[in-house]
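The lines below spell out each chain.
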Amino acid sequence: MNSRLREIERLHVGMLAVVVVAAWLSGWSAAPSLLLGGAVMGLNFWLMRQLGARLLTPVRAQQPALVMLLMLAKFAVLIGLLALLFWRAPIEPLGFAVGATLLLVACVVATLRAPQPALS
């Protein structure tokens, strides 16, 4: 499972790089917003993976303070940082949305590329 999540992360970074370079070369002014949207979603996905790994470990090995810190960081990234950025920075919403959507596309592509289990 962990290898599939890492594959999704690698695929997301690769797709994000290609789309940002294509947007920059085409002169689309939303390339920085596109990169920001992809980076925020990538960071959120990484934080969820770290959180899931810690929550699924045996109880004796869990570190409650670290789990709480990861939860706080995850919510701060999604709500606090995004609110501050949209309020203060000149972010183009369409570019940001395209960048954020690339994580979902990476999840779908990674799922379609995964070998299917044999039916018995």
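Residues numbered from 1 in each chain as written. Predicted model: local features only at pLDDT ≥ 70, side-chain atom pairs only at ≥ 80, totals over all residues. Heavy atoms only, no water.

(A) View of a nonpolar patch on the surface. Among the surface-exposed residues, Val21, Trp24 and Leu25 lie close enough to one another that they form a single nonpolar patch of about 380 Å² accessible area. Within the fold, leucine 25 resides in helix 1 (residues 2-26). Looking at leucine 25, the relative accessible area reads 63%, which means it is exposed. (Patch = residues over 30% accessible without salt bridge, like charges linked within 9 Å, V, L, I, M, F, W, Y side chains within 5 Å. Areas by Shrake-Rupley, 256 points an atom, 1.4 Å probe, with all protein chains shown as cover. Salt bridge = Lys/Arg side-chain N within 4 Å of Asp/Glu carboxyl O. Helix = DSSP H or I, 4+ residues; strand = E, 2+ residues; numbered from the N terminus. Buried < 20%, exposed > 50% of the residue type's maximum accessible area, 1.4 Å probe, protein only.)

(B) Geometry of the environment of leucine 85. By the element assignment, leucine 85 lies in helix 3 (residues 64-88). As for leucine 85 and alanine 97, which are separated by 12 residues in sequence, their C-alpha atoms are 14 Å apart. Discounting residues that sit within four places of it in the chain, leucine 85 has contacts with Leu36 and Ile91. (Contact = heavy atoms within 4.5 Å.)

(C) Highlighting the packing of aromatic side chains. Scanning the model with the defined rule gives 0 aromatic pairs in all. For arginine 88, the ring lying beneath its charged end belongs to tryptophan 87, and the centroid distance is 4.2 Å. (Phe/Tyr/Trp six-rings, centres within 6.5 Å; stacked < 30°, edge-to-face > 60°. Lys NZ or Arg CZ within 6 Å of the ring centre and 35° of its normal.)

(D) Fine view of the nonpolar core. Counting residues in hydrophobic clusters, the biggest one holds 13 residues, and the most contacted among them are Ile8, Leu11, Met15, Leu16, Leu34 and Ala106. Contributions of two or more residues to this core are made by helix 1, helix 2 (31-55) and helix 4 (93-113). Examining the composition of this core, we find that 6 residues originate from one element, helix 1, more than from any other. Setting aside residues no more than four positions away along its own chain, leucine 11 makes contact with Ala106, Val109, Ala110 and Arg113. Listed in part, the 9 residues of the second largest apolar core include Leu51, Val67, Val77 and Leu82. (Core = buried A, V, L, I, M, F, W, Y, C linked by side-chain atoms within 4.5 Å.)

(E) Highlighting helix 2. In this model, helix 2 (25 residues) spans 36 Å end to end at C-alpha, consistent with the 36 Å of a helix rising 1.5 Å per residue. Along helix 2, the residues that are buried comprise Ala31, Ser33, Leu34, Gly37, Gly38, Val40, Asn44, Phe45, Leu47, Arg49, Gln50 and Leu51. Against helix 1, helix 3 and helix 4 lie the buried residues of helix 2. (Expected span 1.5 Å × (residues − 1).)

(F) Up close: the confidence of the model for the protein chain. Mean pLDDT over the protein chain works out to 83, with 91% of the residues at or above the 70 mark. At the level of individual helices and strands, the protein chain shows its lowest average pLDDT in helix 3, which scores 78, and its highest in helix 1, which scores 91. (pLDDT = per-residue confidence, 0-100.)

(G) Structural view of the packing of helix 1 against helix 4. Between helix 1 and helix 4, the shortest axis-to-axis distance is 8 Å and the interhelical angle comes to 130 degrees. One element, helix 1, and the other, helix 4, form an angle in the oblique class. You can see that helix 1 and helix 4 cross each other, and the crossing is right-handed. Each of Glu7, Ile8, Leu11, His12, Met15, Leu16 and Val19 in helix 1 lies in contact with helix 4, whose residues at this interface are Gly99, Leu102, Leu103, Val105, Ala106, Cys107, Val109, Ala110 and Arg113. (Axes fitted to C-alpha atoms, helices over the stretch in contact; angles between N-to-C directions. Parallel < 35°, antiparallel > 145°, perpendicular 65-115°, else oblique. Left-handed = near helix turned anticlockwise from the far one by under 90°.)

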